[in-house]
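The chain contents come next:
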Amino acid sequence: MADADEMDIDPHPPALVAGENGIYQHDTIRGGDSAAAAAAAAGPGGAPLYEDDIYAEVEDDDDDDEDDVTSEVSDADSDELELRANTARFDAQKEAFVAEQRGSDAAAASGMSVQFPPADPTKTTMATATTTATSAAVAGGGGKAAAARPRRKLGPRKAARPTPDILFRLSLASDAYDHKDYEGTITMLSEIIRINSETHAAWTLLSNVHEDLGDREKATMCRMTAAHLVPKNVAYWITTAVYALDGVEDMEDGPEKQAALDRALTCYSQALVADKRNIEARTGKADVLMMQGHSSLALAQYQRALEFRPLNIRTVRNMADVALDAKDPRRTCESAKAAYRRVIDHLQTAGTFEAEEGRFAWSDLRIYLEFFAVFEQWQAAAQELKQISRWMLGRRDELYWDHWLDDDREWDLHDDRRIMVPEYVPTRFPQDSYGQGLPVDLRAKLYVYRHKQGNEYEAAMHLRLLDPTTETAVDDFMDFPDCLKDIGNALLEGEKADQALLYFQLYRRIADAADGDIVVDADVLVSQGRCHIALGDKAAAEECFIAAIEADEDNIDARVQLANMYEGEQQQEGREEAFLLVREAMNLEAKKQNETAPGKRRGPYKPRKPRDPNKPKKERPPKPPGERRLPRRLINAEKRKQQDIEMTEVASKNYQVMQELRDQVYSSGSDEQTKAAWMRAAKGLVDDFRSYKQFYPWEKYIKYLGYGGNVQGQASLPARNMKLAAMAERLQQNLAPAEGEEQGTTVAAARVVPQMHRGIPFNKWLDIFLDYAFCLVRAGQRREAYVVCHAARDSTVWMATDTTFLIHLAWASCAVYAGDEETCVAIARYFMRDYMPGTDSYRMFSAMCRVCQTPVSWYTSGPAQKFILRQIKTMDNIIMKKMKKEAEMADGGNENGHDQIVATSGDSDNDDGIALDVCLLTIYGHILFTTTSYTYALSYLARAASMDPHNCLINLSMGLAYLHYALKRQATNRQYLLTQAFAFLFRYYRDRLEGEVSRAQRQEAHFNMARAYSLIGLGNLANDYYTRVLDEVAEVGEESDESKMVKGMGNEDLTIEAAYNIRTMCFLLGDLEGAKAVAERWLVL
């Protein structure tokens, strides 16, 4: 190897030393290490260590990539290789030196000589060649090197070989697994992973253990971890993905299924990172995306897969399915259509129906024809249908039929018209390869295509063969019932409602005969309802539309059709129901436009498997009842009456359940099942009451249903939404009461309200509402409880003062239980403003805010302050007017002036009993005190003190306000403020001790004075008052809680607080013995 001077490089190059996690980092050999660097050319035993030793393993790994290695070596690459060689020589010399020293010591101890093996001459020759090549590359300034050097393969390093200890532990874990000792196996494998988490066999065995235990999620995660240890193993990634998808088709839509799909998607993506040309991984990823509903992403993956295997029929089917399911099929169907056409052309040329991974079948033709329907290419669709059907029936050679573009005589059942074609030979092909061999659904498509083209003659010829009135019609259409919907809609479009109705009725008969395999969906019901409207049978149409809404809660067409039918009714109730239906349709339309999440989709096509006849049919779980409001029947009076009877029976059962379980629910030992049953019954009753429009004003009712928004100003909506908005606005204007009519309408409505509903009196209904609200808030559902209370308040049934007070009181109780200070303040404003303005209401406001275990943010909030201040200003204004009036009368003012004052003073009869309220002033002073606005608080507390000078609470509040104000940095005259503070505090102290007071009240006075002295640092004076607190209980002694209660201590005993403060002061002053004595005497529980 050439010297550093000969190579014209730094004699102390940066070396690569082993860092954390096996990552090499640069270091620099400096100072005294230069000698070691110069001697680094010698390996163990004096043999030099060359670059070929370093890259031997790399060359073994890169044998498959030698053809791709370039011969371009830049200056930087050459320097880096040289530095790595020098670093390796230094490490080898160090290891050789240590081994030599250890060997010499051992030999000296045993009397034996140590000899190292001689250098390998082949390595010397290879090292010389390497050095020459590197020097030539450096001298050439980036030219081609003399010999190509293999590149280092990028990617994560290989996992270290398991140590003997790990292998021994793995064998023990495997034996435990064979003996079904799963717990012991998990323990041993966890220890192995703790020692070396890159042990692939440990993760694989752990996955098998979790699989045997039935925990597929953990088993999948272990397999994925093991796959990350061999990231280039594509087969293992694919196997893991297949394992993750096992059983996903039987899962219900939810987080569990989504998590399984996400894990499978991750595995397929990692497989593609390792090998982007792998078709199995590509199609697998597309299948998962398809099951997740990401149509555009799945389509892109299928297109890339078809670039490598364009004749894979399963991939083409899945691609066609996602293309048809996209938001804009016109943009995505063209590529899928071309892929199908490419497969068909290849199969026709090859003369076979067998494609890659499947066989071309009639179902593929049906999918292929859907693309022409998307583009509305009816002529081309009919031509493709006839041409491909002819090929599938074995008559591809009869190309002359392609000239008959607008004539379908080829598919007649008999030869009456076919024999008129000169090229036709009746005996060449069997008769079942013509009209008799065409599937019934394809003939239905031919009818639709000819109808769309306007070719009514050929359409009638096909329709004659699709007769729904024959005895065998159910059997004929049993395998293809969907074609009946296409025929019926085409007939309905052609204003042949009577014929269309026959096909929809046949569909329903087939669904009944199929025993659950075929479902009457909302589209069939809507179309059948339209037929009844066209025939003038509104009652039957109403039943169809309501059934469609029950089958599909998000169906828009049924609501629009039902609203159009109700709008024409003369009754007010019909227009109201039409407005509600239109608003529902608009909300659903907006929800559909804003919905970004993919919808529910079926899985991808897979290789066909024969169905096991012994396998039991999977029963469909019953569909849970929807939460959406169902429209009321207005036309079919008999059905409406029957519906009311059924709802009354359900309400009676729910009420009976509530009565039976009421005592158990409110007892402390009730179980969760009993509570759940009671709450279900209560919810059913509450929902039934709220859905009754007569019990609510129209504005409140539509607001409860969620349709109270304005329908104007929606020019950005699509055309359909604009029509709905115009209809809703028209209905709303017709429903709005005339000017001056609202109050009379309300009174009239109040008169016609009955005294009970569903056989239950209204006072019992109120109990149901309030009890349900209490149970909801106890279950942690405070928002739902507030909604129930709000619904009770808005009802026109409970407008009396006592019932309104009871509702708000229950509402406040729910808020207090939930600790919701915001709602407490809002409800308290009702009592202060509407129900009973006065001292009791103000005290209730303070009490509700006090019992909430939350910060005082809402008690001191801006709205609360402004509300209280408005109350004070209102009282001041009334009182000032009264005082001015009295002064004018005392001065003997003239009569005109007196009349003017009376006129401006408002309702004097109502103002006579209004005066300044001490409680109101004190509350506002406390609010300002809490916000540290002591100056403003003192002004309102002083007004309260002037009205009630011996009120202990007011004097205490003023003393504390002065005291805290004196402790502020901005205080100008602190001595004056402290004097004022203790003047009010001593007034409070004297007033509190006067008369016959309990021991607890005396303790309170002593304790408050002690705390005041402690606050300003006068501990000696505070200690005196704390001692008085303890003296109050000295006479009680070691008595029971009942005796203390009798002697006036109650639950407000402040002994522990006072003793703790004395102990703290003694400890701070260094009196440890005194602190210990107080603690042993008073603080030992």
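As the structure is a prediction and not an experimental result, all values here were calculated from the model. (Residues numbered from 1 in each chain as written. Predicted model: local features only at pLDDT ≥ 70, side-chain atom pairs only at ≥ 80, totals over all residues. Heavy atoms only, no water.)

Colleague: Hey, could you go over the overall build of the protein for me, with residue numbers and the actual values?
Modeller: Looking only at helices and strands, the protein has 49 helices and six strands in total. When burial is assessed residue by residue, the protein has 40% of its 1085 residues classed as buried. Total accessible area on the protein stands at roughly 60000 Å², and carbon and sulfur atoms take up 52% of it. (Helix = DSSP H or I, 4+ residues; strand = E, 2+ residues; numbered from the N terminus. Buried < 20%, exposed > 50% of the residue type's maximum accessible area, 1.4 Å probe, protein only. Areas by Shrake-Rupley, 256 points an atom, 1.4 Å probe, with all protein chains shown as cover.)

Colleague: Talk me through the environment of W798; I want residue IDs and the actual numbers.
Modeller: Secondary-structure assignment places W798 in the loop between α34 (782-794) and α35 (801-818). The class for W798 is buried, based on a relative accessible area of 5%. Put simply, W798 and N763 are 35 residues apart on the chain and 8.8 Å apart in space, counted from C-alpha to C-alpha. Contacts of W798, omitting those with residues within four sequence positions, involve F689, F762, W765, L766, F769, A792, T803, T804 and I807. (Contact = heavy atoms within 4.5 Å.)

Colleague: Explain the packing of aromatic side chains to me, and be specific about the residues and the numbers.
Modeller: In this structure the tally under the stated criterion is 28 aromatic pairs. Note on Y340 and Y368: the rings are 6.1 Å apart at their centroids and 50° apart in plane angle, and the pair reads as tilted. Linking Y340 in helix α16 (residues 329-350) with Y368 in helix α17 (residues 362-374), this pair joins segments that are 28 residues apart in sequence. A ring pair is formed by F929 and Y934, whose centres lie 5.4 Å apart and whose planes are at 70°; its orientation type is edge-to-face. Taken together, the aromatic side chains of F689, F695, F762, W765, F769 and W798 make up a single cluster linked through ring pairs. Over the ring of W1082 we find R1081; its NZ or CZ atom is 4.0 Å from the centre of that ring. (Phe/Tyr/Trp six-rings, centres within 6.5 Å; stacked < 30°, edge-to-face > 60°. Lys NZ or Arg CZ within 6 Å of the ring centre and 35° of its normal.)

Colleague: Break down the pattern of salt bridges for me, citing the residues and quoting the values.
Modeller: As enumerated under the stated definition, the model contains 39 salt bridges in all. For E354, the salt bridge goes to R359, with nearest N and O atoms at 2.7 Å. The partly exposed category is assigned to E354, whose relative accessible area is 46%. The exposure class assigned to R359 is partly exposed, which follows from its relative accessible area of 44%. Between D407 and R417 there is a salt bridge, with its nearest N and O atoms 4.0 Å apart. Note that D407 is positioned in the loop between α18 (378-392) and α19 (440-453) and R417 in the loop between α18 and α19, a separation of ten residues in sequence. The pair D407 / R417 is uniform in exposure class, with both members buried. A single network of salt bridges, built from pairs that share partners, joins R390, R395, E398, D402 and E410. (Salt bridge = Lys/Arg side-chain N within 4 Å of Asp/Glu carboxyl O.)

Colleague: An account of the UniProt feature "repeat: TPR" (unreviewed entry) in the protein is requested, with residue identities and associated values reported.
Modeller: In the numbering used here, UniProt assigns the "repeat: TPR" (unreviewed entry) feature to residues 522-555. Its end C-alpha atoms 7 Å apart, residues 522-555 is made of 79% helix and 0% strand. (UniProt positions renumbered as here; feature names shortened; annotations may be inferred.)

Colleague: Tell me about α34, and name the residues and values.
Modeller: In this model α34 runs 18 Å from its N-terminal to its C-terminal C-alpha over 13 residues, within 8% of the 18 Å that 1.5 Å per residue would give. Along α34, the residues classified as buried are A785, Y786, V788, C789, A791, A792 and D794. (Expected span 1.5 Å × (residues − 1).)

Colleague: I'd like a rundown of unusual backbone geometry, residues and numbers included.
Modeller: For K180, which is not glycine, the phi dihedral falls at a positive 65°. Mapped onto the secondary structure, K180 falls in the loop between α7 (164-178) and α8 (182-195). On the basis of relative accessible area, K180 is assigned to the exposed category, the value being 57%.

Colleague: Residues and numbers for the packing of helix α38 (residues 862-890) against helix α41 (residues 918-930), please.
Modeller: Put simply, α38 and α41 touch, their axes get as near as 10 Å, and they point 145° apart. Like other packed secondary-structure pairs, α38 and α41 cross with a definite hand, here left-handed. Of the residues in α41, those touching α38 at Q865, I868, L869, Q871, I872 and M875 are L920, L921, Y924, I927 and L928. (Axes fitted to C-alpha atoms, helices over the stretch in contact; angles between N-to-C directions. Left-handed = near helix turned anticlockwise from the far one by under 90°.)

Colleague: Would you mind going over the packing of helix α25 (residues 538-551) against helix α26 (residues 557-567) in detail, with residue names and values included?
Modeller: For the pair α25 and α26, the least separation of the axes is 9 Å and the interaxial angle reads 150°. As far as their axial angle goes, α26 and α25 are roughly antiparallel. The interaxial crossing formed by α25 with α26 has left-handed handedness. Listed contacts from α26 to K538, A541, E542, F545, I546, A548 and I549 of α25 are A558, R559, Q561, L562, M565 and Y566. Classifying every residue of the contact of α25 with α26 by side-chain character gives nine nonpolar, one polar and three charged. (Parallel < 35°, antiparallel > 145°, perpendicular 65-115°, else oblique. Nonpolar A, V, L, I, M, F, W, Y, C, P; charged D, E, K, R; others polar.)

Colleague: Any chance you could break down the nonpolar core for me, citing the residues and the numbers?
Modeller: Of all hydrophobic cores here, the largest spans 108 residues; its most connected members are F689, W765, F769, W798, F845 and I868. A total of eleven residues in this core trace back to one element, the largest contributor, which is helix α33 (residues 762-778). The residues contacting F845, other than those within four sequence positions of it, are V825, A828, M832, Y859, I868 and I923. The next biggest cluster of nonpolar side chains, apart from the first, holds 77 residues, and it includes Y340, I367, F372 and I388. (Core = buried A, V, L, I, M, F, W, Y, C linked by side-chain atoms within 4.5 Å.)

Colleague: So, the environment of G780: which residues are in play, and what are the values?
Modeller: By the element assignment, G780 lies in the loop between α33 and α34. Given the relative accessible area of 62%, G780 is considered exposed. Through-space distance from the C-alpha of G780 to that of A818 is 7.6 Å; in sequence the pair is 38 residues apart.

Colleague: Give me helix α49 (residues 1072-1082): which residues, what numbers.
Modeller: One full turn of an α-helix is made of 3.6 residues, so residues set three or four places apart face in the same direction. Within α49, the full set of buried residues consists of G1074, A1075, V1078, A1079 and W1082. Projected onto a plane normal to the axis of α49, the buried residues spread over an arc of 130° and lie on a single side. Turned more than 90 degrees off the buried face of α49, the exposed positions are L1072, E1073 and E1080. Contacts made by the buried residues of α49 are with α46 (1019-1032) and α48 (1055-1068). (Arc of directions from axis to C-beta.)

Colleague: Quick rundown of the confidence of the model for the protein? Include the residues and the values.
Modeller: Of the residues in the protein, 74% have a pLDDT of 70 or more, and the chain-wide mean is 77. Contacts from residues 605-628, a stretch scored under 50 in pLDDT, to residues over four places away or in other chains number 27 contacts. Counting contacts from residues 897-913, a segment whose pLDDT is below 50, to residues more than four positions away or on other chains yields eleven contacts. (pLDDT = per-residue confidence, 0-100.)

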